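Chain and residue survey
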Amino acid sequence: MTDPSTEQLRPVAIGSDLERRDGFPKVTGTARYAYESEAASPAYCRLVQSTVARGRVDSVDTAAAEALDGVLLVRTAFDAESLETDDGELAVLQSREVAFRGQVVGMVVADTAEAALRGADLVEVAYSPAPHDVVLRTGRGDLYAPEKVNPSFETDTSDGDIDEAVATATAVLDRTYTTAMYHNNPLEPHATTAYWDGEALTVWDSTQGVHPTRAVLADLFGLDRERVRVVCPYVGGGFGSKGEPHVHVVLAAMAARAVPGRHVRLAFTRQQMFALAGYRTPTIQRMRLAADQSGRLAGIAIDVVEQTAKVKEFAEQTGVPTRMMYAAPHRSTTHRLAALDVPAPSWMRAPGECPGMFGPEVAMDELAEELGIDPVELRVRNEPEVDPESGLPWSSRNLVACLREGADRFGWADRDPRPGLREEDGWLVGTGVASSVYPVNRMADSTATIRREQGRYVVEIGAADLGTGTWTTLAQIAADALEVDVAEVTMRIGDTAYPIASVAGGSSGMTTWGSAVVNAARAFREKFGPEPPEDAEAQGSTEDNPATERFAMYAFGAQFAQARVNRDTGEVRVPRLLGVFAAGRIINPRTARSQLIGGMTMGLSMALHEQSVLDPRFGHVVNHDLAEYHIATCADVAEIEARWLEEHDPHVNPMGSKGIGEIGIVGTAAAVANAVHHATGVRVRNLPITLDKLLPALAG
Amino acid sequence: MDTAITLGVDGEVYRLTVDTRTTLLDALREQLDVTSPKKGCDHGQCGACTVLVGGRRVLACLVLAGTADGAEVTTAAGLADGDSPHPVQRAFLDNDAFQCGYCTPGQVCSAAGVLDELAAGWPSNVTADLTTEPAASRAEIAERMAGNLCRCGAYVNIVAAVEQAVEQATEQATEQAAEQTAGQARR
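Residues numbered from 1 in each chain as written. Chains lettered and ligands numbered in written order. Predicted model: local features only at pLDDT ≥ 70, side-chain atom pairs only at ≥ 80, totals over all residues.

Next up on the list: the overall build of chain B. Scanning chain B from N- to C-terminus turns up six helices and five strands. In chain B, the order of α-helices and β-strands from amino to carboxyl end is β-β-α-β-β-β-α-α-α-α-α. Computed over its C-alpha atoms, the radius of gyration of chain B comes to 18 Å, within 12% of the 16 Å expected for a compact globule of 187 residues. C-alpha atoms of chain B, sized along the principal axes, occupy 60 × 45 × 35 Å. Looking at chain B as a whole, 51% of its 187 residues are labelled buried. Once local pairs closer than 6 in sequence are excluded, the contacts in chain B between residues at least 24 apart make up 58%. (Helix = DSSP H or I, 4+ residues; strand = E, 2+ residues; numbered from the N terminus. Rg over C-alpha atoms; globule rule 2.2 N^0.38 Å. Buried ≥ 20, exposed ≤ 12 C-beta atoms within 10 Å, placed from the backbone. Contact = placed C-beta atoms within 7 Å.)

Here it is as structure tokens:
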């Protein structure tokens, strides 16, 4: 008997190239985001931030702020509402201790935004500063092994004997690679409008998960979940930084509870987002590869050093992809953390895989060069028949097909592997390749309701659309599960008034929410048949997929880059990026393509532009705005093409789909770095690839 | 300190009193509840607040409302004709030139401005020959749209959308010119 968790739908609406349902409100700007929710007489909240990286608040003088016309209240650690939490990040204004520079030490609520801002300026805070420690490096004596790495992977793994493999191999590569500190920087700053009516709390919050946010708020304020409602129909980008609540939503709720009957609006400034909204830890990756003359790996190892915050631990799972990517009998991975006086790192698009496929994929390129083997061929030779880590067969693995198809489309066959040979009008030209991977994740706790309303099928689930296309793609899934035209389906998402949904994270949305919708549709049809009466209603929930016990489930891809490096200035341009992916069935080719090219664009940005520069003297990110933290602009992007293979995977979920929100950013930076090396002969192992890392070698 | 101003916004006329520290962006968003222009940085670094003032693109966060007295402001909401999207908006929809939608109203206003600037023959930083009218190449469009950041990474689709809008505008202009010529010939 077919398991209902993977019984396949007949795709009709699924696979259709439909325009986004939320398109018109977005192109006109009439879609209302969290800060813009309707409010008769809003109040405004602005924050006071610590100017020391570590220490203690001795005293605050709020008199001038409180005397300011329009100011309603000032709150500091001396008088803020008590919260129930052991989460060091969210315990805002609960203690006088300062754990990082930029930490919130006060808030001002006023009738106007201008008065709130001026009021926050007028709050005087006196500190007893203490020495701070904010510099990540490998030689620290206090590096430690966390209990688990995000979300619950083993910290270290070891199979076979890596040292023996390295000692006896024909070819050995031992190199260290680094990725920078990155900030998610969604275009919409983290924002909340909060309203307390004396009994119940309503927050319009920009979040990747209304239900998880509600759970956190209810616990913090000691409220029953029924008394907290979180609303979020549109999210102006998140990329992980809106996956877990940050202090803005807590402070907005606290402020609202202090001024009952007023809507309180709070948005981080762009600068505040560099201290308060999470970021990707910098990573230091020591890679070891041991291979025979033909390039077959005997051993692969990664030892990762990265940072966390003293205020809250987050351990990025950077070493995880090395555990399963290539066939090597001897494998070892470790993670060590330095706990610093810095803001808490958190999720950023493909935590683990994104930084964790930089070192390995550049190392593979270096090994290919050393052995005189084509880098595509080297990867093909190390294709594992089963998952090296679990020993399970793959539900589907089409990395080789992606590499072959990509090589074909990119014109790889004509490539001269020798670096630094091609020059066109003063530009050195080269090409590079890297692999992509991302697991198929399924979350627990998602339920959908389907109801017949005025002759339509109304689907309700508290899911999120971060620009990922959920408004449209869930409707496509519902249509096929109900076997009706997609035009007959109304979607309602982004509100805790609807049934519970998991966070939009780990590229799990379609698998998780889609499965709930399919189960609801099947229950609906079973109960009411093809002609349901008005108000007919059924629910369905996501269930465990027993096939996960039998198969390893991942999406794969191959990315190809062309780089041009100016011989005189070292300026790097990437005229062409091609990604070929195998990610199961694609629900909507239009929104899927956008997600994949979007990930690749962010990967290009990571390769060439992005880095948060932490000032060791003060402990803050000095380039904390969009003029100085460079993200790729329209003029930095030329041709970016994403394609996918037809892949039928009956084991992942009823749609046969794998998540695609993150895989696009995995491997891009390595492909670019490899292309830059091919162009110039210079191997840049430390991101971003800026001209200062190329010029000294080019000058020679 | 307050000052009284008159603003034309998307065809409506508003008389309002603003704090002299208030930006045009905050006046639109907070006082008039015109939330189509977005606030992404408040420092003129991201382009999300782009509106058209007297037909030219302007960053609303860098204009003090008090200095905009008498201005005619068009937002992305005002570019649409009721339920019918402006040709630039239609092109954005056709090319899926957005994801989260937050930078989109600014991109749309900026693109509308680019169309006019190209039609007027204004050069850009990548125009090779300043003595000729710039062609609406992908490089010209990407350069002119580079002040509008998109973190979702929709740039390739944005450029395609602007290309489509330029083509459509050019066709329309050619048709109008042809009609005019035909009309004159009949006379």
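Attention now moves to the overall build of chain A. From N to C terminus, chain A includes 16 helices and 26 strands. A compact globule built from 700 residues should have a C-alpha radius of gyration of about 27 Å, and chain A, at 26 Å, falls within 12% of that. Counting only C-alpha atoms and orienting by the principal axes, one finds that chain A spans roughly 75 × 70 × 50 Å. Counting across all 700 residues of chain A, residues that qualify as buried make up 61%. Taking the contacts inside chain A whose residues are at least 6 apart along the sequence as the reference set, 83% of them involve residues at least 24 apart.

This next bit is on the environment of B:Gly40. Within the secondary structure layout, B:Gly40 lies in the loop between helix H1 (24-31) and strand E3 (50-53). The buried category is assigned to B:Gly40, around which 26 C-beta atoms lie within 10 Å. Spatially, the C-alpha atom of B:Gly40 lies 8.2 Å from that of B:Tyr102, the residues being 62 residues apart in sequence. Those residues in contact with B:Gly40 that sit more than four places away from it in its chain are A:Leu187, A:Glu188, A:Pro189, B:Cys46, B:Ala48, B:Tyr102 and B:Cys103.

Listed as interface residues are 46 residues of chain A and, on the opposing side, 48 residues of chain B. No other element matches the seven residues that helix H14 (residues 589-608) of chain A contributes to the side of chain A that touches chain B. When grouped by side-chain class, the residues that make up the side of chain A that touches chain B number 20 nonpolar, 15 polar and eleven charged. (Nonpolar A, V, L, I, M, F, W, Y, C, P; charged D, E, K, R; others polar.)

Looking now at the domain arrangement of chain B. Residues and elements named next belong to chain B. For chain B, the assigned domains read domain 1 (2-78) and domain 2 (87-179). Each of domain 1 and domain 2 was reduced to a C-alpha centroid, and the two centroids are 23 Å apart. Each side of the interface is counted separately: domain 1 has 16 residues, and domain 2 has 13 residues. At the level of elements, E3 and strand E4 (56-59) are the ones that each hand at least two residues to the side of domain 1 that touches domain 2. With three residues, the single largest contributor to the side of domain 1 that touches domain 2 is E3. Residues of the side of domain 1 that touches domain 2, tallied by class, amount to seven nonpolar, six polar and three charged. (Domains from an automatic or database assignment.)

Quite often, the size of an interface is put as the accessible area lost when its parts meet. All names here are of chain A. According to the domain assignment, chain A contains domain 1 (23-31 + 443-544), domain 2 (34-131 + 185-276) and domain 3 (148-182 + 279-440 + 550-699). For domain 1 and domain 3, the distance between their C-alpha centres works out to 34 Å. By residue number, the principal contributor to the side of domain 1 that touches domain 3 is helix H13 (residues 509-528), which donates six residues. A breakdown of the residues in the side of domain 1 that touches domain 3 according to their chemical character gives three nonpolar, twelve polar and no charged.

Attention now moves to unusual backbone geometry. Residues and elements named next belong to chain A. Across the junction of Asn150 and Pro151, the peptide omega takes the value -10°, indicating a cis bond. Note on placement: Pro151 falls in the loop between strand E7 (148-149) and strand E8 (153-154). Here the bond from Leu687 into Pro688 is cis, since omega is -5°, no more than 30 degrees from zero. Residue Leu93 is not a glycine yet carries a positive backbone phi of 60°. With respect to the element layout, Leu93 can be found in the loop between strand E3 (71-76) and strand E4 (97-98). Residue class for Leu93 comes out buried when judged on the 25 C-beta atoms lying within 10 Å of it.

A separate point is the confidence of the model for chain B. A residue-level look at chain B finds 99% of positions with pLDDT of 70 or above and a mean pLDDT of 95. Across the whole predicted complex the pTM is 0.98, and at the interface the ipTM reaches 0.97. (pLDDT = per-residue confidence, 0-100.)

A word on the environment of A:Pro260. Residue and element names in this part refer to chain A. Within the secondary structure, Pro260 sits in the loop between helix H6 (247-258) and strand E14 (263-267). For the pair Pro260 and Tyr195, spaced 65 residues apart in sequence, the C-alpha separation works out to 7.2 Å. Discounting chain neighbours no more than four positions away, the residues touching Pro260 are Trp196, Asp197 and Gly198.

Bringing the sheet that holds strand E17 (residues 330-340) of chain A into the picture now. All names here are of chain A. Judged by pairing direction, the sheet is mixed, and its five strands sit side by side in the order E9-E17-E16-E15-E10 without closing on themselves. The open sheet has two free edges, formed respectively by strand E9 (157-159) and strand E10 (171-179), since each of these has just one partner strand. Averaged over all pairs of adjacent strands, the angle between their axes in this sheet comes to 10°, without regard to strand direction. The sheet contact formed by E10 and strand E15 (residues 283-291) spans nine bridges and is antiparallel. Counterpart to Thr179 in the pairing with E15 is Thr283. Set on the sheet, helix H9 (residues 358-371) makes contact with E10, E15 and strand E16 (297-309); between it and E10 the angle comes to about 145°. (Pairing = 2+ DSSP bridges. Axes fitted to C-alpha atoms, helices over the stretch in contact; angles between N-to-C directions.)

Residues and elements named next belong to chain A. Core analysis: the largest hydrophobic core is formed by 288 residues, its most contacted members being Val109, Leu251, Ala255, Ala478, Val517 and Val672. Top element by residues in this core is H6. It accounts for ten residues. Ignoring anything within four residues of it in the chain, the contact list for Val109 reads Ala43, Tyr44, Cys45, Leu72, Leu73, Ala116, Ala255, Ala258, Val259 and Val264. (Core = buried A, V, L, I, M, F, W, Y, C linked by C-beta atoms within 7 Å.)

All names here are of chain B. Strands sit in the order E2-E1-E5-E3-E4 across an open sheet of five strands; the sheet is mixed. On the outer flanks of this sheet lie strand E2 (12-19) and E4, each paired with one strand and no other. Strand-to-strand, the axes of this sheet are offset by a mean angle of 40°, without reference to chain direction. Bridge count for strand E1 (residues 2-9) against E2 is eight bridges, and the pairing is antiparallel. Pairing of Thr3 across the sheet is with Val18, part of E2.

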